[in-house]
Amino acid sequence: MGSQGGMCGFSRVLLRRCLRLANVLIFMGGLVLLGVGIWTLQDKSFPSDLIRNSLYLNTARVLTAVGVITTLISVFGFYSAQKEVKVLHLTYFVLISVLLLVLGIGAVLAYVFIEQVELTMKAEMISDVRLYDPDEPSSPITWAWHTTQSKLECCGMVTPQVNTSWEIWRYNPILHPQDDQVWSVPLSCCMPDVPCGIYSDNITNIYTKDCYDAVKEFVSSQSAILGGVAVTIVGVQVLGIISSLALFLSIV
């Protein structure tokens, strides 16, 4: 009996250490998730008004919120690892299981977005070309085009009607007024620090990359980052769930 009691005590010590380690990793993962989510919302959200798909930003918002909750639950888990109180371990087990489910859904949404965006993005961007208004720089569509073209170093997009991406701007009613022979491209198409010709009879030193391809690659890679971080943290949370459950079952 004494030997069995000693083994059980040793096992619980080992399980407590595993749970503490798991929660340190979960805490760090929560901070990473929070940081990636905020980074996406603050610095990588500019194409959202062009693609007209809220799933991208909603996924980032969900993962940001989960990052905050993850750090808080990991602190609670670290505390429960210090105590041999079954109700604490049961509470932690339920909370971390629910969080794992939400995070798993967030990871799935990130990868679903990659597939979904290709089905609708081109039509939305073509529509946004016509809505672009250089006289309204604060307009969401105008701002999104300016930021996208400047940051991704692209100009317009190729469609069946045009052979080069920048020519799509001739279909904008403000840049190409009716009956005018000469039309222009947005200033955000210009390369920095060099003289730029924005009129159709003298196009010089502008970006020639297709914005559709650039945006598709950008949002796909960003969604893959969100999904990859989420999947990694799900794996760490599984370790916390197993350790917590094992410690719960070992307490008499």
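Everything in this summary refers to the structure shown in the same document. (Residues numbered from 1 in each chain as written. Predicted model: local features only at pLDDT ≥ 70, side-chain atom pairs only at ≥ 80, totals over all residues. Heavy atoms only, no water.)

### Here we look at the environment of Phe46
Inference 1: Within the element layout of this structure, Phe46 appears in the loop between α1 (2-43) and α2 (48-51).
Inference 2: Judged by relative accessible area, Phe46 falls into the buried class, the value being 4%.
Inference 3: The sequence separation of Phe46 and Thr148 amounts to 102 residues, and the corresponding C-alpha distance is 6.6 Å.
Inference 4: Ignoring sequence-local partners within four residues, the contact set of Phe46 consists of Trp143, Ala144, Thr147, Thr148, Lys151, Leu152 and Phe218. (Helix = DSSP H or I, 4+ residues; strand = E, 2+ residues; numbered from the N terminus. Buried < 20%, exposed > 50% of the residue type's maximum accessible area, 1.4 Å probe, protein only. Contact = heavy atoms within 4.5 Å.)

### Notes on the packing of helix α3 (residues 55-82) against helix α6 (residues 211-250)
Inference 1: Contact geometry of α3 with α6 gives a least axis separation of 11 Å together with a crossing angle of 30 degrees. Classified by the interaxial angle, the pair formed by α3 and α6 is roughly parallel. Both α3 and α6 take part in a crossing whose hand is left-handed. Side by side, α3 and α6 meet where Tyr56, Ala60, Leu63 and Thr70 of the first sit next to Phe218, Val219, Gln222, Ser223, Leu226, Ala230 and Gln237 of the second.
Inference 2: Tallied by class, residues from the contact of α3 with α6 come to 7 nonpolar, 4 polar and no charged. (Axes fitted to C-alpha atoms, helices over the stretch in contact; angles between N-to-C directions. Parallel < 35°, antiparallel > 145°, perpendicular 65-115°, else oblique. Left-handed = near helix turned anticlockwise from the far one by under 90°. Nonpolar A, V, L, I, M, F, W, Y, C, P; charged D, E, K, R; others polar.)

### Concerning the packing of helix α5 (residues 140-152) against α6
Inference 1: Two elements in contact, α5 and α6, have axes separated by 11 Å at closest approach and are oriented at 80 degrees. By the angle between their directions, the pair α5 and α6 is classed as roughly perpendicular. Taking contact as the criterion, the partners of Trp145, Thr148, Gln149 and Leu152 in α5 are, on α6, Cys211, Ala214, Val215 and Phe218.
Inference 2: Here the residues of the contact of α5 with α6 sort into 6 nonpolar, 2 polar and no charged.

### Things to note about the state of the cysteines
What is meant by a disulfide is a covalent connection between two cysteines, made through their sulfur atoms.
Inference 1: For the coordinates displayed, the defined rule picks out 3 disulfides.
Inference 2: In this model, Cys155 is linked to Cys189 through a disulfide, with the two sulfur atoms separated by 2.0 Å. Between Cys155 and Cys189, the S-S dihedral sits near 80 degrees, and the bridge is therefore right-handed. Residue Cys155 is found in the loop between α5 and β1 (197-199), and its partner Cys189 is found in the loop between α5 and β1; the two are separated by 34 residues along the sequence. (Disulfide = S-S within 2.5 Å.)

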